[in-house]
Amino acid sequence: VSTQSTGILKMSEVYKIAAAALERILQKKASIKTAIFNDNINNNNNSKTTKSVFALVSETLKFCSIIDQVIELTPTAKKDFLNVSKYLIYIVLYDFLFGKKQISGGGILKKKILNNKTQLLSSVVRLKIKAKARTDLELLPLHLRNTIKLPKYIRVNSIKIDIDTVFTSLQQSFPEAQYDELFPNFLITLPNDSDLHENKLILNGSIVIQDKASCIPAVVLNPSQNSFVIDTCAAPGNKTSHLAAIMNNTGRIFAFEKDSKRVIILRKTIQRTGVTNILDNNLKYIII
């Protein structure tokens, strides 16, 4: 993993990207998928980096409260960590204590952690004894230990392609592909760990990775062709482009998004999915 200098820190690029994403998630500014896959945090990084960030952030989120307890039990580390981003501390301490059990790259934070290595590991042992936990995983609440992996939902963009063509194509790489039971006319399910980020159907907008729940609003509204629809908080544009597909690219959709940076993401989605009936509006700057 490459390293770059950031002020006093010189560390794994993945850590920096993950910490920025974790900050947005914990501050309720973005969901994990938006923070990692749709935001501008890691636009210049390849899919391998993105997958590493997603895995690291997902696991760190589970252990944040445990890491807080470890720090409280380690006064010397707590003092050393002053003036260091708590989000960066979460990410790096997770990797050191519960993840890979090592720290990638270098930097002052790594030095601070290694200076407190014995005390930090001792604090983890004390937490395990108190919780009667034999493994790191058993430190977590039950609902975080045995998370149910939902399928990966693939919405077929009928503006560009039909669902049977997509299904046949996906089955060649993913034999477990299935038509969704509730929405078999536009939704396909794949195993949760299916990697599609470099799939040509994703790249050309023929399919969209979209949670099943996110598909329901457009289905419930079910606008007829040539309708006029208003979509507020429209970015990143998955539901908006779904509405356009239901309307067969007719009528007009007024898509509003107050964040000018997320308007850029919305426009990319519109362009990629071949939508032509959307007028996108930043609430501060009306674009006609």
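Predicted model only: the values in this text are computed from it and were never measured.

Participant: Just to check I follow, could you spell out the sheet that holds strand β6 (residues 207-209) for this structure?
Facilitator: Consider a sheet: its strands pair through backbone hydrogen bonds, and that pairing is either parallel or antiparallel. Taken in spatial order, the four strands of this open sheet run β4-β5-β3-β6, and their pairing is antiparallel. Either end of the sheet is taken by a strand with one partner, and the two such strands are β4 (178-179) and β6. As paired strands, strand β3 (residues 152-156) and β6 are joined by three bridges and run antiparallel to one another. Pairing of Arg 155 across the sheet is with Val 208, part of β6. Sitting on the sheet, helix α9 (residues 163-173) touches β3, β4, β5 (187-190) and β6, and the angle it makes with β5 is about 10°.

Participant: I tried to follow the side chain of Asn 116 on my own but got confused; where do I start?
Facilitator: Tracing the backbone through its elements, the reader meets Asn 116 in the loop between α6 (108-115) and α7 (117-131). Taking relative accessible area as the criterion, Asn 116 reaches 2% and is therefore assigned buried. Apart from residues lying up to four places away in sequence, Asn 116 is in contact with Thr 76, Ala 77 and Asp 80.

Participant: Sorry if this is basic, but what is going on with the pattern of salt bridges here?
Facilitator: Any two side chains of opposite charge can pair if their charged atoms end up close together. In total, this model carries ten salt bridges according to the counting rule given. A salt bridge links Glu 59 to Lys 62; the nearest nitrogen and oxygen atoms lie 3.2 Å apart. Taken as a pair, Glu 59 and Lys 62 lie in helix α3 (residues 47-72) at a separation of three residues, close to a single helical turn. Take Glu 59: its relative accessible area is 27%, and that puts it in the partly exposed class. Judged by relative accessible area, Lys 62 falls into the buried class, the value being 19%. A salt bridge links Asp 136 to Lys 128; the shortest N-O distance between them is 2.8 Å. For Asp 136, a relative accessible area of 15% gives the class buried. One salt-bridge network, held together by shared partners, links Lys 101, Lys 128 and Asp 136.

Parameters and conventions
- Residues numbered from 1 in each chain as written.
- Predicted model: local features only at pLDDT ≥ 70, side-chain atom pairs only at ≥ 80, totals over all residues.
- Heavy atoms only, no water.
- Pairing = 2+ DSSP bridges.
- Helix = DSSP H or I, 4+ residues; strand = E, 2+ residues; numbered from the N terminus.
- Contact = heavy atoms within 4.5 Å.
- Axes fitted to C-alpha atoms, helices over the stretch in contact; angles between N-to-C directions.
- Buried < 20%, exposed > 50% of the residue type's maximum accessible area, 1.4 Å probe, protein only.
- Salt bridge = Lys/Arg side-chain N within 4 Å of Asp/Glu carboxyl O.

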